[in-house]
Amino acid sequence: MPDTAPAAPASARRFTPEDRDTIHDLIRNRRDVRDEFRPDPIPDDVLRRILDAAHHAPSVGFMQPWNFILIRDLERRRAVHRVFEAANAEAEAMFPEGIRSTYRGLKLEGILKAPLNIAVTCDRDRCGPVVLGRTHNPEMDLYSSVCAVQNLWLAARAENVGVGWVSIYNEPDLRRILALPDHVAIVAYLCVGFVDDFYPAPELALKGWRQRLPLDAVVMDEIWQEDH
Ligand SMILES: Cc1cc2c(cc1C)N(C[C@H](O)[C@H](O)[C@H](O)COP(=O)(O)O)c1[nH]c(=O)[nH]c(=O)c1N2
């Protein structure tokens, strides 16, 4: 893949109000995409920019514990899809009767429709046992990899490329398909591809599953407030 990432500037730049508005626009217009993928492949330069954004995420001790496994092979994606279907049937059965049929009607993955799947992993041994910032909280490397996912998601949206996160699988099944060694954790399984139209709001909200909480319902002063 050609390296098309912009070169690092000599010093950090300051952002304009227009830049600010653009990033807020991007954040608000990022969507989880399930069913709307176009089959055309993502050009190498576009994919490279998206992955490079992910690779510029913050990470504990600058550990950069992530890997991005690019999965295009249809047979492998079919295997992942079977794993999804098995787990999804288990999940469906766990919802109470009334909600079950609504759940069944939701499309929750685009594994076969998207031309590219990306598994974001976390190499828990990348820097040995003692890592700056992770000593007391060993899960921080996993959180770092989640930051990479968010960068990827936003950078993709800026290219009008859709991303859908699929977490409905039994982990051992997916590990086997991806041949992951024990020290590597699965952080995210993503479906990636161009999209003609993005939903203007979360699909789960538009389909009546759950609505966005007001900001004031999640902001607290000083300490945890039980009655908030
Ligand atoms: C860790 C994690 C795991 C999942 C998700 C997200 C995250 C962060 N989401 C997407 C999720 O449903 C979506 O983000 C919310 O509904 C909000 O919608 P927007 O992302 O704003 O479009 C998701 N969606 C889906 O259809 N199947 C899935 O298995 C998952 N899993």
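All of these numbers come straight from a predicted model, not from anything done at the bench. (Residues numbered from 1 in each chain as written. Predicted model: local features only at pLDDT ≥ 70, side-chain atom pairs only at ≥ 80, totals over all residues. Heavy atoms only, no water.)

**Structural notes on the pattern of salt bridges**
Move 1: For the coordinates displayed, the defined rule picks out 20 salt bridges.
Move 2: Residues aspartate 196 and arginine 38 are paired through a salt bridge, measuring 2.6 Å at the closest nitrogen-oxygen approach. Taken together, the positions of aspartate 196 in the loop between β4 (184-194) and α7 (203-206) and arginine 38 in the loop between α1 (17-29) and α2 (44-55) put the pair 158 residues apart, joining distant regions of the chain.
Move 3: Under the relative-accessibility criterion, arginine 38 is labelled partly exposed at 28%.
Move 4: Among the charged side chains, a network of salt bridges with common partners joins Asp32, Arg34, Glu203 and Lys207. (Salt bridge = Lys/Arg side-chain N within 4 Å of Asp/Glu carboxyl O. Helix = DSSP H or I, 4+ residues; strand = E, 2+ residues; numbered from the N terminus. Buried < 20%, exposed > 50% of the residue type's maximum accessible area, 1.4 Å probe, protein only.)

**Comments concerning the site of the ligand**
Move 1: Around the ligand lies a shell formed by Arg30, Arg31, Asp32, Arg34, Leu108, Trp165, Val166, Ser167, Ile168, Pro202 and Leu204.
Move 2: Contact between the ligand and arginine 30: an oxygen atom at 2.9 Å from a side-chain N or O atom of the residue.
Move 3: A distance of 3.0 Å is found between a nitrogen atom of the ligand and a backbone nitrogen or oxygen belonging to leucine 108.
Move 4: Looking at the shell around the ligand residue by residue, the class counts come to 6 nonpolar, 1 polar and 4 charged. (Near = heavy atom within 4 Å. Polar contact = N/O pair within 3.5 Å; in protein donor to acceptor, adjacent residues only side chain to side chain. Nonpolar A, V, L, I, M, F, W, Y, C, P; charged D, E, K, R; others polar.)

**A few points about unusual backbone geometry**
Move 1: With phi around 60°, asparagine 160 is a residue other than glycine that occupies positive phi space.
Move 2: Inspection of the secondary structure puts asparagine 160 in the loop between α5 (140-158) and β3 (161-166).

**Points about the nonpolar core**
Where a protein is soluble and globular, its nonpolar side chains tend to be buried together.
Move 1: Grouped together as the largest cluster of nonpolar side chains are 28 residues, with contacts concentrated most on Ile111, Leu174 and Tyr189.
Move 2: Going through the elements one at a time, α3 (74-94), α6 (171-178) and β4 are the ones with two or more residues in this core.
Move 3: Tallying contributions element by element places α3 first for this core, with 6 residues.
Move 4: Once residues within four sequence positions are removed from consideration, leucine 174 is found in contact with Val80, Val83, Tyr169, Ile186 and Tyr189.
Move 5: Counting 25 residues, the second largest nonpolar core, distinct from the first, contains Ile50, Ala57, Val120 and Phe194. (Core = buried A, V, L, I, M, F, W, Y, C linked by side-chain atoms within 4.5 Å. Contact = heavy atoms within 4.5 Å.)

**Considering the UniProt feature "domain: Nitroreductase" (unreviewed entry) in the protein chain**
Move 1: Within this structure's numbering, the places UniProt gives as "domain: Nitroreductase" (unreviewed entry) are residues 27-193.
Move 2: The distance separating the terminal C-alpha atoms of residues 27-193 is 18 Å; by composition the span is 43% helix and 18% strand. (UniProt positions renumbered as here; feature names shortened; annotations may be inferred.)

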